[in-house]
Amino acid sequence: VDSHKNLCEPLIAKPRRHPAAARGRLEGLGHLSLRRAAVSSRRARASSEQRSKTMAAALRELMDAAGVGGNHPPPIVCPGHTRPLAEVSFSPETPDGYFMISACLDGNPMLRDATTGDWIGTFAGHKGAVWSAKLCGEARLAATGSGDFSARVWDAITGACLATLEHKHVVKTVAFSGDRRSLATGGHEGLLRLYDVEAGLGEGGPYRSFASRKGADGRVVSVQRVVWTEAGLAVCGCGDGHVVVLDPRVDGDAPVSDVAVGAAPIMDLELTSGALGPTLVACAGERVHLLDAQRWGAPPRRAPIECPVHFREEGGASLRPDGKELVLGGGRHGGSRQGALGVEKGAKKIGDVGSDLCVHVVDVATGLISAERKGHCGPVRCVRYHPLGERFATGSEDGTIRLWDIAADTG
């Protein structure tokens, strides 16, 4: 905006005072000279107006390319973070409205008003990157998981840290159960820990731990994401591409279901209960999988959706409540950091330059891109729909969160 302002400033006419000698010369001009001066002045004004129109057209073109012009309203930009975003999530409806919480590699998770994007507060205390941040159903408690080998529970109203839950490795994911009685944590240890929120967090350790799994190479498989079902099942997205469903009410570590969606790690997991029924959205490799979250092991809702981006290092997807569209973002095929200068050595697929900067809206029925929203200056790392489905949030490596109105995309 400042750059455009500076470009426009020379076009603004400013009053100019002539020295006395110059005024005398002007007063001595004849009639012909005055006509020439008037013609010259008109030409100058016409040239200035033409330059203004040209600049306005160029500015409109830039806005259209950024998804701001035409039918696309500009997004709400939420600054404040200083490093790449790791996760954004919304609270359910509360008496005070909707809230949004963000996890960031700068170690400072933030709470915002989900309607305006206004900053409410920062949960300060972690000594490392924060990979996950969630609110409970009432938005009174917040939980965060960090690279400092701990998870923390916060009072979301005062910002006070209520408990620090020590782990032995990086905590990649946290999630409250629907009734807020349990908190699940997972990460590079491969363990899924369940804490009793009502009985006092951290005082006696987790009330339940599910043993880690080992992959074909003998290494412990990380727990990348965890979500809760309404029935109280914990669903884990793992580093070996498996979706593992666990029942805390049953003794033993045997899963209710274990479905492999591919060999690539699951980078994002979302559970929705919209028009399609209970649906699990899992992002791994270059695909988005829509699984039946009511009949575990049943055929998926539809065939996997091939994506214009990959989910190997970043990215995610979110399903609109009406089940018609997915919004997704991720890394560029061939390497996000290479940009237009080249691609990764041995890359089998090369994406369009800037594809990792776009937010892609995909029609669920056809699997085709129905819209692209541009504006981020770095790869999109996380996305989530608002519970009402009227907008979605995106977090990027550029350190900003953007709230996009979907009215233009739905017509």
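Residues numbered from 1 in each chain as written. Predicted model: local features only at pLDDT ≥ 70, side-chain atom pairs only at ≥ 80, totals over all residues. Heavy atoms only, no water.

A.B. asks: Run through the overall build of the protein, naming residues and quoting values.
C.D. replies: Counting its secondary structure elements, the protein contains 4 helices and 28 strands. In the protein, which comprises 411 residues, the proportion classed as buried is 46%. Summing over all exposed atoms, the protein offers an accessible surface of approximately 20,300 Å²; the carbon and sulfur share of this is 53%. (Helix = DSSP H or I, 4+ residues; strand = E, 2+ residues; numbered from the N terminus. Buried < 20%, exposed > 50% of the residue type's maximum accessible area, 1.4 Å probe, protein only. Areas by Shrake-Rupley, 256 points an atom, 1.4 Å probe, with all protein chains shown as cover.)

A.B. asks: An account of the sheet that holds strand E4 (residues 110-113) is needed here, citing residue identities and associated values.
C.D. replies: With antiparallel pairing, the 4 strands of this open sheet are ordered in space as E2-E3-E4-E5. Every other strand in the sheet has two partners, leaving strand E2 (85-90) and strand E5 (119-122) as the edge strands with one partner each. This sheet shows a mean twist of 20 degrees between the axes of neighbouring strands, independent of strand direction. (Pairing = 2+ DSSP bridges. Axes fitted to C-alpha atoms, helices over the stretch in contact; angles between N-to-C directions.)

A.B. asks: Would you mind going over the sheet that holds strand E28 (residues 401-405) in detail, with residue names and values included?
C.D. replies: Sheet strands line up and pair through hydrogen bonds in the backbone, either parallel or antiparallel. On the basis of which strands lie adjacent, the open sheet formed by 4 strands has the order E1-E28-E27-E26 and antiparallel pairing. Two strands in the sheet have a free side with no partner beyond their single neighbour: strand E1 (76-78) and strand E26 (380-385). If you compare each strand with its neighbour and ignore which way they point, the axes differ by 20 degrees on average. Bridge count between E1 and E28: 3 bridges; the pairing is antiparallel. Directly across from Ile-76, in E28, lies its bridge partner Leu-403.

A.B. asks: Kindly report on the packing of aromatic side chains, identifying the contributing residues and their values.
C.D. replies: Evaluated as defined, the whole model comprises 3 aromatic pairs. Seen from their ring centres, Tyr-385 and Phe-392 are 5.6 Å apart, and the 75 degrees between their planes marks the pair as edge-to-face. Their ring planes at 20 degrees and their centres at 6.3 Å tell us that Phe-392 and Trp-404 sit as a pair that is stacked. Here the residue Phe-392 occupies a position in strand E27 (residues 391-396), and Trp-404 occupies one in strand E28, the gap between them amounting to 12 residues. Both residues of the pair, Phe-392 and Trp-404, belong to the buried class. An aromatic cluster is defined as three or more aromatic residues linked by ring pairs; in this entry it consists of Tyr-385, Phe-392 and Trp-404. (Phe/Tyr/Trp six-rings, centres within 6.5 Å; stacked < 30°, edge-to-face > 60°.)

A.B. asks: Let's hear about the pattern of salt bridges: which residues, and what values?
C.D. replies: Counted according to the given criterion, the structure contains 19 salt bridges. Arg-193 is paired through a salt bridge with Glu-189; the nearest N and O atoms lie 2.7 Å apart. Overall, Glu-189 belongs to the buried group, its relative accessible area being 17%. Across the salt bridge formed by Arg-384 and Asp-268, the nearest N and O atoms sit 2.9 Å from each other. Of this pair, Arg-384 sits in strand E26 while Asp-268 sits in strand E18 (residues 266-274), and the two are 116 residues apart along the sequence. For the pair Arg-384 and Asp-268, one class covers both residues: buried. (Salt bridge = Lys/Arg side-chain N within 4 Å of Asp/Glu carboxyl O.)

A.B. asks: How would you sum up the confidence of the model for the protein? Please name residues and give values.
C.D. replies: For the protein, per-residue confidence averages 83 on the pLDDT scale, and 76% of positions sit at 70 or higher. Considering only residues more than four positions removed or in separate chains, one finds that residues 1-32, a stretch of pLDDT under 50, has 10 contacts. Scored below 50 in pLDDT, residues 338-343 makes 10 contacts in the model with residues more than four places away or belonging to other chains. (pLDDT = per-residue confidence, 0-100. Contact = heavy atoms within 4.5 Å.)

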